[in-house]
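Single-letter residue listing:
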Amino acid sequence: CTVREKPEQKAYSIVGRYQQLKEHNPDAIIGITGCVAQQRGEELLARMPTLDFVLGPGMIHHLPEVLRDMEGGRKGICAVGFENGCPAHLPVPHTPRLRAYVTIMQGCDNFCSYCIVPSVRGRERSRPSSEILAEIDALVRRGTKEVILLGQNVNSYAKHNPGELTFPRLLAKIDEIPGLERVRFTTSHPKDLTKELIEAFGTLEHLCEHFHLPFQAGSNAVLERMNRGYTREQYLTQIRRLREVAPQISITADVMVGFPGEVDDDFRQTLELVQEVEFDGLFSFKYSPRQGTRSAQWQDDCAPEVKQQRLAALQELQRETTLKKNKRLEGTVQEVLVEGSSRNSPRMMMGRTGCNRIVNFSGGTARVGELVMVKIDDGLQNSLRGELRR
Ligand code: 5AD
Ligand code: SF4
């Protein structure tokens, strides 16, 4: 993933390590795929003579042909284009999985000024709903109980596919698949969050009460420079509406500190927003310039120590909030999807609530994949502990 920091270095050192494989086995094939491949392309082949191929995320479905070509003696293949539409259906793994990820769209049209995604993942493309529904149906038949729908911006699903279902309608169809217990999705953009989608939380039986809605910054001046297309006030209104429809909804978000020009007062507004919303989880990042983005042309003027202090302040505030919210659940009974035995204590079992909190529980055995009711006794920093209710 090339969204943050410098993953290229990691890619180079991994290829360096795999080089030894070729010394033992001259037929070994080494390739790089994903966003670093997209970003650097041919440059990677020039820099690493042992590398055999480079495939961008829009070309990954050509892997079988690439491997055949390599066996035929071709070397140095580099494919980093984007074809129209989403790549045809990738093979679904054969091992049954309780929780499965299903890509519904790829790419992004938003061009937030700091973000490399539109250039490494291309423009928005959505898969046909018939294909998505068939894939989920096949997964459920093999034992999947929970699906997580993936896309850079799932709210604008099928924006370029006339006559296709909207995202809330797609959710409604998925909700009807027999045997599927839970549906989640990520990621959403606040500017594309519609009333219809918010209302889905009040009507769809299997839609988990969990929403990941990145806000990135609490100051309107910074949001504007980020090209996010909403204000702090509009974001807070979206949160209020979600909570009106689903009062228990768990809300998580992404936020950045140290964006070019972010002064103390901007950061104070970010902290205040976090305090006001009381997120159930927060992913906070230090801004880093990414090549080719608009903000990379601006001076990265926030000192590393200031970025670090701001990150630490946010994380501390969030730790307190998470613990407070977990404690509030003490005494309640939660529906838990059982995943297996608990990591720390083999006599306990582990599962997750609809809000995605980890629950370790005792009081008898439950089958993996079963939905059980658990009375919560302890709200801890990173998990809940409780007892099975039969
Ligand atoms: N620097 C730091 N964080 C970034 N993100 C995206 N681009 C950058 C960047 N240049 C963060 C955003 C996004 C998450 C996936 O990564 O918060 O939501
Ligand atoms: Fe990047 Fe998300 Fe903005 Fe798209 S919406 S440009 S993926 S931050």
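Quick caveat, the model's predicted, so the values are computed rather than measured. (Residues numbered from 1 in each chain as written. Chains lettered and ligands numbered in written order. Predicted model: local features only at pLDDT ≥ 70, side-chain atom pairs only at ≥ 80, totals over all residues. Heavy atoms only, no water.)

Novice: I'm lost on the environment of arginine 47 in this one. Help?
Specialist: Relative to the helices and strands, arginine 47 resides in helix H3 (residues 42–47). Linking arginine 47 and cysteine 355, residues 308 residues apart in sequence, is a C-alpha distance of 46 Å. A distance of 3.4 Å separates a polar atom in the side chain of arginine 47 from a polar atom in the side chain of tyrosine 12. (Helix = DSSP H or I, 4+ residues; strand = E, 2+ residues; numbered from the N terminus. Polar contact = N/O pair within 3.5 Å; in protein donor to acceptor, adjacent residues only side chain to side chain.)

Novice: Where do I start with the site of ligand 1 in this structure?
Specialist: If you check the shell around ligand 1, you find Val3, Arg4, Tyr114, Gln216, Asp254, Met256, Phe285, Lys286, Tyr287, Ser288 and Arg290 and nothing else. With respect to ligand 1, the side chain of glutamine 216 contributes an N or O atom lying 2.7 Å from an oxygen atom. One of the backbone nitrogen or oxygen atoms of serine 288 is found 2.8 Å away from a nitrogen atom of ligand 1. Coverage of ligand 1 by the protein amounts to 87% of the 400 Å² it exposes when considered alone. Grouping the constituent residues of the shell around ligand 1 by class yields 5 nonpolar, 2 polar and 4 charged. (Near = heavy atom within 4 Å. Areas by Shrake-Rupley, 256 points an atom, 1.4 Å probe, with all protein chains shown as cover. Nonpolar A, V, L, I, M, F, W, Y, C, P; charged D, E, K, R; others polar.)

Novice: So what exactly am I meant to see when it comes to the side chain of glutamine 238 here?
Specialist: Its location among the elements puts glutamine 238 in helix H10 (residues 232–245). In this structure glutamine 238 comes out as buried when scored by relative accessible area, which is 10%. Those residues in contact with glutamine 238 that lie beyond four places of it in its chain are Pro190, Leu193, Ile198 and Leu213. (Buried < 20%, exposed > 50% of the residue type's maximum accessible area, 1.4 Å probe, protein only. Contact = heavy atoms within 4.5 Å.)

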